[in-house]
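Here is how the chains run, residue by residue.
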Amino acid sequence: MELETGYYRDSLKSYMTIRCPEKAEESDYRFRMASANHIDGILPCSLRMIDDSIYLYYEITARQKLSHMYADKRMDASDLQRLLSELAAAGKELSRYLLDAADLILEADKVYYDFSENRYYFTFCPGLSEKASAGGNRGLYVFLAEKIDAGDREAASAAFQLDAMSEMPEFVFTEKILKQLFGDRMQIPEDASPGEESIPTEAETDWGSGFYSAGTMDDAYVTPPEMPEREKEGAAGGEAVLKRPFSVKYLLPAGLLILSGLLAGAGRFLDLPVRTLRLFTAGAMAAGASALLLLVLALTERIKGFRAGKKEEAAEKAEPEMSLLPPGEFDLWQKEGGNETGPVQTVFVPGISEKEGLRLYGNGRARGCTIELDALPHTVGTSADFADVLIDDRSVSRMHARISEDRSGNPLITDLNSTNGTWINGIRLQPEESVPVGKGDVIRFGEAEFCCR
């Protein structure tokens, strides 16, 4: 879905702009409702008339695109649940203002995350559903299917089924679908819309193994059966075994030992015929042997699980981790009111190419810091979760800028809607603006200055 999108920054705020279709009228109540109200979970917007065209200005100050956040990162089940639950809540909130959730722009670069508020914001464009082609407003679902962690079975299943469901005509994501995707693990607000139908089960349908039926789009998902809980306890054989309860492992052998003792005591202290005495003795020996065998099996299984856990711990310790540069060699000093408050360190990802090439060398307060430009892309910022190169400076945003390559392989710096801006040779970049850099260029991330050479 093609939308004429731009970005603009004034002296205080940053905006994403979208040009409305020619037939849009400023008097349309949907534009008035969207611009006059602060709708929870929806990007605040305002209307502007420029050259007889209506433009929607969405405030995105200090907010980050979903597409940038997960450019080099995978989503797990908790990430996916959180995003989709906030999407469902935003659609429900729109209905309170007589607005249609189908007019949400479901594209990864139109969904923003506010780190200070710790929540997502979605873009509402009045009349979008009227001009969007069937299945054309599903870029977000395609993005989620591509960025989901394939090793997380719950997340992968939900993402791919949601992608398939979004191909249905007039598909709108709702709390009901959220419940269908994640079942009882997803908490739905108690004030959900009354009168919703219960979720159909497989026994009530004849869908077989497919996602679709001749019914409504809400009937497009078949709730998968619950999988039994399993644990890896046989590292040598590599097989998954059902977790046996504690009583089977230890109480049964203990009971057999007690039975063995009782039989032995009965044969010794009671006046019994020789034949009966022999039976008691044989039963005591059989019970004791069975108890010892079960104890040996239980202890062997426990030892295997312990060794497997040790191997996993060793494997985790062996994984490459973020490494700090030597503090004596790479010091970056912060200043507050002219006073030095201490060293700040830059973190790099191991494995960056060591071949000679362009680098960013720190100047001034960034003196001693170096950013390699051989293994791109990099995200520069202060968030260890979403940035590759960390600059511990108060003027640098959590996700400040993106360093990538153009088609010729030359470094390209993009501002990621940073608060204090990305500057190239004294000129501040607009949000999402990309500029090539070369030898001799001076780059500033906030107040941290670097020279490219």
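Details of the structure are given in the entry above.
On a predicted model such as this, the values are computed, not experimentally measured, just so you know.

Here we take up the pattern of salt bridges. Under the definition given, this model contains 16 salt bridges. A salt bridge links Glu117 to Arg63; the nearest nitrogen and oxygen atoms lie 4.0 Å apart. Of the two residues, Glu117 is situated in the loop between strand S6 (112–114) and strand S7 (119–121) and Arg63 in strand S5 (residues 63–65); the sequence distance between them amounts to 54 residues. Here Glu432 ties to Lys65 by a salt bridge, and the two come within 3.6 Å at their closest N and O atoms.

If you check helix H3 (residues 77–96), its first and last C-alpha atoms are 29 Å apart, about what 20 residues at 1.5 Å a residue would give, namely 28 Å. Restricting attention to buried positions, one finds in H3 the residues Ala77, Leu80, Gln81, Leu83, Leu84, Glu86, Leu87, Ala88, Ala90, Gly91, Glu93 and Leu94. Contacts from the buried residues of H3 go to helix H2 (66–69), S7, helix H5 (139–147), helix H6 (153–165) and helix H7 (175–182). Following H3 by one or two positions, Leu98 has its phi on the positive side, about 60°.

Moving on to the nonpolar core. If you look at the biggest cluster of nonpolar residues, it comprises 62 residues, and the most contacted ones within it are Leu83, Leu84, Leu87, Tyr120, Phe122, Phe173 and Leu181. It is H3 that provides the largest number of residues to this core, a total of eight residues. Once residues lying within four places of it in the same chain are set aside, the contact partners of Leu84 are Leu144, Leu162, Phe173, Leu178, Leu181 and Phe182. Counting residues in each nonpolar core, the second largest holds 21 residues, with Ala366, Leu373, Val396 and Ile443 among its members.

This next bit is on the packing of H3 against H6. Between H3 and H6, the least distance of the axes is 8 Å, while the angle of their chain directions is 40°. The angle between H3 and H6 places the two elements in the oblique class. On H6, the residues touching Ala77, Leu80, Gln81 and Leu84 of H3 are Glu154, Ala155, Ala158, Ala159 and Leu162.

Residue Pro377 is bonded to the preceding Leu376 through a cis peptide linkage, with omega at 10°. Following the sequence through the fold, Pro377 ends up in the loop between strand S15 (370–372) and strand S16 (378–381). Despite not being glycine, Ala62 has its phi angle at roughly 60°, a positive value. For Ala62, the position within the fold is in the loop between strand S4 (53–59) and S5. Residue Ala62 is classed as partly exposed on the basis of its relative accessible area, which comes to 38%. With a phi angle near 60°, Asn118 is a residue other than glycine that sits in the positive phi range. Considering the arrangement of structural elements, one finds Asn118 in the loop between S6 and S7. Looking at Asn118, the relative accessible area reads 45%, which means it is partly exposed.

In this section: the sheet that holds S7. Pairing within the open sheet is antiparallel, and its three strands lie in the order S5-S6-S7. The two strands at the open ends of the sheet, each matched to only one other strand, are S5 and S7. Sheet twist, expressed as the mean angle between neighbouring strand axes with direction ignored, is 35°. Two strands pair when backbone bridges link them, and S5 and S6 are joined in this way by three bridges, in the antiparallel orientation. Residue pairing in the sheet places Arg63 in a bridge with Asp114 of S6.

Parameters and conventions
- Residues numbered from 1 in each chain as written.
- Predicted model: local features only at pLDDT ≥ 70, side-chain atom pairs only at ≥ 80, totals over all residues.
- Heavy atoms only, no water.
- Salt bridge = Lys/Arg side-chain N within 4 Å of Asp/Glu carboxyl O.
- Helix = DSSP H or I, 4+ residues; strand = E, 2+ residues; numbered from the N terminus.
- Expected span 1.5 Å × (residues − 1).
- Buried < 20%, exposed > 50% of the residue type's maximum accessible area, 1.4 Å probe, protein only.
- Contact = heavy atoms within 4.5 Å.
- Core = buried A, V, L, I, M, F, W, Y, C linked by side-chain atoms within 4.5 Å.
- Axes fitted to C-alpha atoms, helices over the stretch in contact; angles between N-to-C directions.
- Parallel < 35°, antiparallel > 145°, perpendicular 65-115°, else oblique.
- Pairing = 2+ DSSP bridges.

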